[in-house]
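Structure assessment
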Amino acid sequence: MKSFFRFSAGEWAASMFIGALIIAGILFFFLYENSAAPHEDFRRYRNQFIAFETEQQRLADSVADARQRQKQARFARHDSHFNRMTAFSNDSLKRTSRQRQYQIVKVELNQADTNDIMTVPQFGSKRAQKIVEYRNKLGGFYALEQLQEIYILQNLKLEFAEEYFKIDASKIKKININQCDYKTLIAHPYFDSYLVKSILNYRKKNGRIKDMEQLRDITHIYAELEEKLKWYVEF
C-alpha cells in the first residue's frame, strides 16, 4: 500500500493542482448560486430607489413652483397696495394744496407782533423776535428781501416768505432828515458814522437839505443805499 501511494515530487504537485481545481469549482458553484438571488433583489430595489428619487424631485419642483407663485402673488399685492397708496397720497396732496390756498393768511410784517410771526411754519420765538427788533430799528420793511439782512434769516427762501408774509410800506416810520440828531440817525441800520456826520455838518453850515438828490450830492452815497434810504427819510 505504501508503495502504491509513493509519488514523485512532480506527481504530487500535479495531484495538488487538480485537487485545488476541483475544490475551486465546487466553491464557485455554491457561491454563484447563493449570490444570484441577491443580485436580482438589488436590481429590483435599485429601480425602486430611482422611482423614489424621481418622485422626490417632482415634489421639490412642485414646492419651488408653489413658492414662486406665492412670491409673485405677494409682489402683485404689494404693487397694487403701493399704487393705491400713491394715488391716495396724490389726492391728499391735491386736497391739501387746495385747502392751503384758503387757509393761509399772510402776516403783515409792519404791524405783526412775535405771536403773529410764530404762526408761520419754521418761525419760532427767536426768529420772530429778531424780525421785530430789526423792523423797529428800520422803522418798518418795504420789501421781503430785507428779511435776509437779518443774520439768522440769511438763507430764507423768498418764495417761502412770499407765501406767508406781506408788507404794507405805508406803515414805515420815516426820519425827518432836517430835525433828527446824531443818536437817532446812527441807530438806523442804513446810516453809518460818516453818513451821519456829513448830514449834520451840512445842516450846521448850510441849513436844510431839500431833497434826496441834494442828500446824494452831500454824502456821495451809492445808488443801492440811496434806493434803500428813500423809504426812510423825509425832508
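In the block above lies the structure referred to throughout.
Below is a short write-up of the structure.

Rules used throughout
- Residues numbered from 1 in each chain as written.
- Predicted model: local features only at pLDDT ≥ 70, side-chain atom pairs only at ≥ 80, totals over all residues.
- Heavy atoms only, no water.
- Salt bridge = Lys/Arg side-chain N within 4 Å of Asp/Glu carboxyl O.
- Helix = DSSP H or I, 4+ residues; strand = E, 2+ residues; numbered from the N terminus.
- Buried < 20%, exposed > 50% of the residue type's maximum accessible area, 1.4 Å probe, protein only.
- Patch = residues over 30% accessible without salt bridge, like charges linked within 9 Å, V, L, I, M, F, W, Y side chains within 5 Å.
- Areas by Shrake-Rupley, 256 points an atom, 1.4 Å probe, with all protein chains shown as cover.
- Core = buried A, V, L, I, M, F, W, Y, C linked by side-chain atoms within 4.5 Å.
- Contact = heavy atoms within 4.5 Å.
- Expected span 1.5 Å × (residues − 1).
- Arc of directions from axis to C-beta.
- Polar contact = N/O pair within 3.5 Å; in protein donor to acceptor, adjacent residues only side chain to side chain.

With that settled, consider the pattern of salt bridges. Applying the stated rule across the entire model yields three salt bridges. Note that Lys228 is salt-bridged to Glu149, the shortest N-O span being 3.4 Å. One end of the pair, Lys228, is in helix α8 (residues 223–229); the other, Glu149, is in the loop between α3 (125–138) and α4 (158–164), with 79 residues separating them in the sequence. What makes Lys228 buried here is its relative accessible area of 19%. Close ionic contact of Arg216 with Glu226 constitutes a salt bridge, the shortest N to O distance being 2.7 Å.

Glancing now at the environment of Tyr151. Within the secondary structure layout, Tyr151 lies in the loop between α3 and α4. Residue Tyr151 is classed as exposed on the basis of its relative accessible area, which comes to 67%.

This part is about a nonpolar patch on the surface. On the surface, Ile18, Ile22 and Ile26 cluster together into a nonpolar patch covering about 280 Å² of accessible area. In this structure, Ile18 sits in helix α1 (residues 9–103).

Let us look at the nonpolar core. Judged by nonpolar contacts, the single largest core of 40 residues is most densely connected at Ile117, Phe123, Ile131, Leu147, Phe165 and Phe191. Elements with a minimum of two residues in this core: α3, α4, α6 (193–206), α7 (212–219) and α8. Among the elements that make up this core, the one with the highest residue count is α3 (five residues). With residues up to four places along the chain from it excluded, the contact list for Phe165 reads Lys106, Val107, Leu109, Ile117, Val120, Phe123, Leu144 and Leu147.

In this model, α6 (14 residues) spans 20 Å end to end at C-alpha, consistent with the 20 Å of a helix rising 1.5 Å per residue. Taken as a whole, α6 has its buried residues at Leu195, Val196, Ser198 and Ile199. On an axial view of α6, the arc spanned by its buried residues comes to 160 degrees, and they lie on one face. Exposed and facing more than 90 degrees away from the buried side of α6 are Tyr194, Lys204 and Lys205.

Further remarks concern the environment of Gln179. Note on placement: Gln179 falls in the loop between β3 (175–176) and α5 (182–186). The exposure class of Gln179 is exposed, given its relative accessible area of 62%. Spatially, the C-alpha atoms of Gln179 and Arg208 are 9.0 Å apart, while their sequence positions differ by 29 residues.

A few words now on α7. Listed as buried for α7 are Met212, Gln214, Leu215, Ile218 and Thr219. Across the axial projection of α7, the buried residues extend over an arc of 160 degrees, all falling on one side. Elements that come into contact with the buried residues of α7 comprise α6, α8 and β4 (233–234). The backbone nitrogen of Glu213 lies 3.3 Å from a side-chain oxygen of the residue at the head of α7, namely Asp211. The positive-phi residue at the C-terminal boundary of α7 is His220, with phi of around 60 degrees.

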